[in-house]
Amino acid sequence: MAATGMATAAGTAVLVYLVLSGRLCGDAAGGDDDRLISSAVSAAAEARRLRKEEARARRQRRRREARRWPERAPDGWAEAAAVAARTVRFTWAETLGKWALGELAFGMKYYMRQQGNLQHEYAGSDSVLLDGPEVRQELISLLKYLKQCMYFSKKQYSVFLEFGGYDQKDVLIKKSKARLLKPSFTVVRDRSSKCFLLFIRGAISVKERLTAATGAEVPFHHVVLQEGRVSNLVLGYAHCGMVAGARWIAKRAIPCLSKAVEQFPDYEVKIIGHSMGAGIATILTYILREDDKLSSSTCIAFGPAACMTWDLAESGKDFVTSIVNRNDVVPSLGLVSAAKLRTEVMASSWALDLRRQIQQTRFLGFVNRSVSFIRSHVPFISDPRSKVVDVDMLKSQSSEAGSKPSADTHAAVKKRPALVCWSCVAAQKQSAEYCKQTQDKENQTDTNVKTVKVTDEAAAELIDLPELSLQESDEDDADREEKDSALKEADGEEAMELIESLTDEKQELSPSTSAQEPHQLYPPGRILHMVGLQASEEATTSEQRAQEEVVALYETPRHLYSKIRLARSMIGEHYMPKYIKTMEQLIEKLAEQDIENQLDSL
């Protein structure tokens, strides 16, 4: 910038000198003057070009910074509102913006039933079974920290202090009110275990859920220190909202913890959290260990979110312990794993199975017959908004109405495809797409989705209501053909709308999504999975399966969490009371095994 300014000033000075000296009109030194003028003009043009390029570079840099997700907590309300709005757009684009209604309502349920219980995959040959007195003592200690974490998250702060046996002198920091990208946390001194415990609350309020929903990846690197010197640098990506929350906590906790460690050098630092708080706790541990005074910090993460790439997660095995409960979906939930799940759901034959179930059921026919009977005996129930309509009811209405179409008939035509097509249009599109690859024996490969038309005969066949054939009307053939053509056109339009709403598979990127492919995120550190296995396969009911289920603790490999395994309890088993119940069952089992081993040794 200074060089361009100096060049512009030099060119201007030469021009002013030539004008004032009157040498612009001279003949003797005309060639020299022309050369001076041309050099001055070229210098000024070059300066203008450089200024334009610098301005363009600044604009591009500002655009890149605007597209880049924030790696720190917002400073004011305006920045927080902008981040919240962008987070909502991002969440919508990655969830309902990609998943069609049919895939969410029926596809996932069908795929879940098809895949069955996959808990045995966590107990495979790559996993290591953990048992014995040492493991039991470790679980007792982990259970104590989990209960304290639950009291900090769910109860009042005074109740948390009373449960942990702390007083006000033991409280180093207290931030109980959460903001966007600013989670709630506290630091207490535990005299019994000689530790400084930093608890981080999970996603409970709306602002904390927005922090968890800011799921884009941002660069995050970890400097590994050994004896005060840099020994390694681990590069990777991590969850945006959790990185920003961890850095916000580190800015406030590092001075306090450094001072406390200097005062009590025999105390350790432990960071504890659950769910989103566990993900923030692990990233915060990476940050704290880069400080020489806090390089021995460790982390206990209960149900941690998938928050960092493979190399970063592997580098934390020595100081991060992640505990996962049975079918908990959060440790494997991410953008890449959700995309894999959607691909598997789309590839399954859920739509064809749904159509087959509708063909076999008689419930819909019973509803329509009941509505027809009520309409025929109760005159005031004639509003089309208060009844269920199908093909045969439309025929009966047309026969009663005569040759002139009424408003009720048009309303019935408008509502009819919503009942007929909501379940079968998606099946037709799925069969048209996937039968090209599987060479179906029914020769459905010639189906063109763009020209799907649901006729009266096809609708009646799909619903499987042959017994609802009503009396033929006495109207003219011309009027009947006219009404049938209008009905078919309305069917085609409504069918196409339902196709787009149920099985919309547009792959266009929204403005909030990045063109770069997202990275696969994993739970960090050493992973301990509490697996529920079936003791016998003879149990039939769910209660018998729950009673005969055997809980075991395995140290599982990380690659198992690159895939989402659907289960009915995958959300319920993420909460802390379920973690506590499973850990208590596991501790009781290990205690019984210890007693049996002692008796056998005697």
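As the structure is a computational prediction, the values presented were derived from the model and not from experiment.

Moving on: the overall build of the chain. When its secondary structure is counted, the chain shows 20 helices and 13 strands. Evaluated residue by residue, the chain yields a buried proportion of 44% over its 602 residues. Contacts in the chain between residues far apart in sequence, at least 24 positions, make up 76% of those at least 6 positions apart.

What follows covers helix α9 (residues 276-288). Between its first and last C-alpha, α9 extends 18 Å over 13 residues, near the 18 Å set by a 1.5 Å rise per residue. The buried count for α9 comes to 13 of 13 residues, which makes it a mostly enclosed element.

Before going further, it helps to examine unusual backbone geometry. A positive phi angle, close to 65°, is found at Leu181, a residue other than glycine. With respect to the helices and strands, Leu181 occurs in the loop between β2 (171-175) and β3 (185-190). Not every positive phi belongs to a glycine, and Arg326 is a case in point at roughly 45°. Inspection of the secondary structure puts Arg326 in the loop between β11 (320-325) and α11 (335-347). Taking relative accessible area as the criterion, Arg326 reaches 11% and is therefore assigned buried.

With that settled, the discussion passes to the sheet that holds strand β1 (residues 128-130). Each strand in a sheet pairs with another by means of backbone hydrogen bonds, the pair being arranged parallel or else antiparallel. Reading across the sheet, the nine strands line up as β1-β13-β12-β11-β10-β9-β4-β3-β2 and stay open at both edges, with mixed pairing between neighbours. With partners counted over all chains shown, the strands left at the sheet margins are β1 and β2, one partner each. On average, each strand axis in the sheet is tilted by 25° relative to the strand beside it, whichever way the strands run. Pairing of β11 with strand β12 (residues 526-534), which is carried by five bridges, proceeds in the parallel orientation. In the sheet register, Thr321 faces β12, and the bridge partner there is Arg526. Strand contacts of α9: β4 (195-200), β9 (268-274), β10 (298-302) and β11, with the helix running at about 155° to β9, the strand carrying the most contacts.

Moving on to helix α8 (residues 240-263). Helix length check: α8 (24 residues) gives 34 Å between terminal C-alpha atoms against 34 Å at 1.5 Å per residue, within 8%. Along α8, the sharpest kink reaches roughly 40°, centred on Ala253 and followed within four residues by the proline Pro255.

With that out of the way, let us pick up the nonpolar core. In this structure, Phe185, Leu198, Ile200, Ile249, Leu257, Ile283 and Leu284 are the most contacted members of the largest nonpolar core, which totals 71 residues. For this core, the element with the highest residue contribution is α8, accounting for 13 residues. When residues no more than four places from it in sequence are discounted, the contact partners of Ile283 are Phe220, Ala238, Met242, Val243, Ala246, Cys307 and Met308. By size, the runner-up hydrophobic cluster in this structure holds 42 residues, among which are Leu130, Val324, Leu553 and Leu586.

Glancing now at the pairing of β4. Taken residue by residue, a regular strand's side chains alternate between the two faces of the sheet. Within β4, six of the six residues are buried, leaving the element largely enclosed by the surrounding structure. From the end of β3 to the start of β4, which pair antiparallel, there are four residues, and Lys194 there has a positive phi angle of about 50°.

This part covers the pairing of β12. In this sheet, strand β13 (residues 549-555) lies alongside β12 in antiparallel orientation, the contact comprising seven bridges. In the sheet register, Leu528 faces β13, and the bridge partner there is Glu555.

Attention shifts here to a nonpolar patch on the surface. Together, Trp92, Leu96 and Leu104 line one region of the surface with nonpolar side chains, adding up to about 310 Å² of accessible area. Inspection of the secondary structure puts Trp92 in helix α3 (residues 77-94). On the accessibility criterion, Trp92 (54% relative accessible area) is exposed.

A complete count under the given rule lists 15 aromatic pairs for this structure. Through successive ring pairs, a cluster of aromatic residues spans Phe152, Tyr157, Phe160, Tyr166 and Phe199.

Bringing a negative patch on the surface into the picture now. A contiguous patch of negative charge on the surface is contributed by Glu588, Glu592, Glu596 and Asp600. In this structure, Asp600 sits in helix α20 (residues 576-601). Owing to a relative accessible area of 64%, Asp600 belongs among the exposed residues under this scheme.

A few words now on the environment of Gly279. Take Gly279: it is sitting in helix α9. Using a relative accessible area of 0% as the deciding quantity, one classes Gly279 as buried. Leave out the neighbours within four places in its chain, and Gly279 touches Met242, Pro304 and Cys307.

Time to look at the packing of helix α5 (residues 133-154) against helix α6 (residues 157-164). Put simply, α5 and α6 touch, their axes get as near as 8 Å, and they point 160° apart. As far as their axial angle goes, α6 and α5 are roughly antiparallel. Read as a crossing pair, α5 and α6 show a hand that is right-handed. Residues Lys147, Gln148, Tyr151 and Phe152 of α5 touch α6, and the partners they reach there are Tyr157, Val159, Phe160, Phe163 and Gly164.

Moving on to the pattern of salt bridges. For the structure shown, the criterion picks out 17 salt bridges. Residue Glu138 pairs with Arg526 through a salt bridge whose shortest N-O separation is 3.5 Å. Of this pair, Glu138 sits in helix α5 while Arg526 sits in strand β12, and the two are 388 residues apart along the sequence. Judged by its relative accessible area of 29%, Glu138 is partly exposed. One salt-bridge network, in which partners are shared between bridges, spans Glu46, Arg49 and Glu53.

Right, let's get into the side chain of Ser297. Examined against the element boundaries, Ser297 turns out to sit in the loop between α9 and β10. On the basis of relative accessibility, which here comes to 0%, the residue Ser297 falls in the buried class. A polar side-chain atom of Ser297 sits 2.8 Å from the main-chain carbonyl oxygen of Leu294. The contacts of Ser297, once residues within four sequence positions are left out, are Val269, Ile271, Thr285, Leu288, Arg289 and Phe319.

Below, the discussion takes up a positive patch on the surface. Residues Arg48, Arg51, Lys52, Arg56, Arg58 and Arg59 make up a contiguous surface patch of positive charge. Among the structural elements, Lys52 can be located in helix α2 (residues 30-67). Taking the relative accessible area as the measure of exposure, Lys52 reaches 56% and is therefore exposed.

The residue Ser562 is located in the loop between β13 and α20 in this model. Among the polar contacts listed, one links the side chain of Ser562 to the backbone oxygen of His559, at a separation of 2.9 Å.

A separate point is the confidence of the model for the chain. Low-confidence regions, as indicated by low pLDDT, have predicted coordinates that should not be scrutinised in detail. Mean pLDDT over the chain: 75, with 65% of residues reaching 70 or higher. Of the regions scoring below 50 in pLDDT, residues 487-496 engages in 20 contacts with residues more than four places distant in sequence or in other chains. Low pLDDT, under 50, characterises residues 498-515; the predicted model gives this stretch 41 contacts beyond four residues in sequence or across chains.

Cut-off values and rules
Residues numbered from 1 in each chain as written. Predicted model: local features only at pLDDT ≥ 70, side-chain atom pairs only at ≥ 80, totals over all residues. Heavy atoms only, no water. Helix = DSSP H or I, 4+ residues; strand = E, 2+ residues; numbered from the N terminus. Buried < 20%, exposed > 50% of the residue type's maximum accessible area, 1.4 Å probe, protein only. Contact = heavy atoms within 4.5 Å. Expected span 1.5 Å × (residues − 1). Pairing = 2+ DSSP bridges. Axes fitted to C-alpha atoms, helices over the stretch in contact; angles between N-to-C directions. Bend = angle between axes of the 7 residues up to and from the residue. Core = buried A, V, L, I, M, F, W, Y, C linked by side-chain atoms within 4.5 Å. Patch = residues over 30% accessible without salt bridge, like charges linked within 9 Å, V, L, I, M, F, W, Y side chains within 5 Å. Areas by Shrake-Rupley, 256 points an atom, 1.4 Å probe, with all protein chains shown as cover. Salt bridge = Lys/Arg side-chain N within 4 Å of Asp/Glu carboxyl O. Phe/Tyr/Trp six-rings, centres within 6.5 Å; stacked < 30°, edge-to-face > 60°. Lys, Arg positive; Asp, Glu negative; His and termini not counted. Charge placed at Lys NZ, Arg CZ, Asp CG, Glu CD. Parallel < 35°, antiparallel > 145°, perpendicular 65-115°, else oblique. Left-handed = near helix turned anticlockwise from the far one by under 90°. Polar contact = N/O pair within 3.5 Å; in protein donor to acceptor, adjacent residues only side chain to side chain. pLDDT = per-residue confidence, 0-100.

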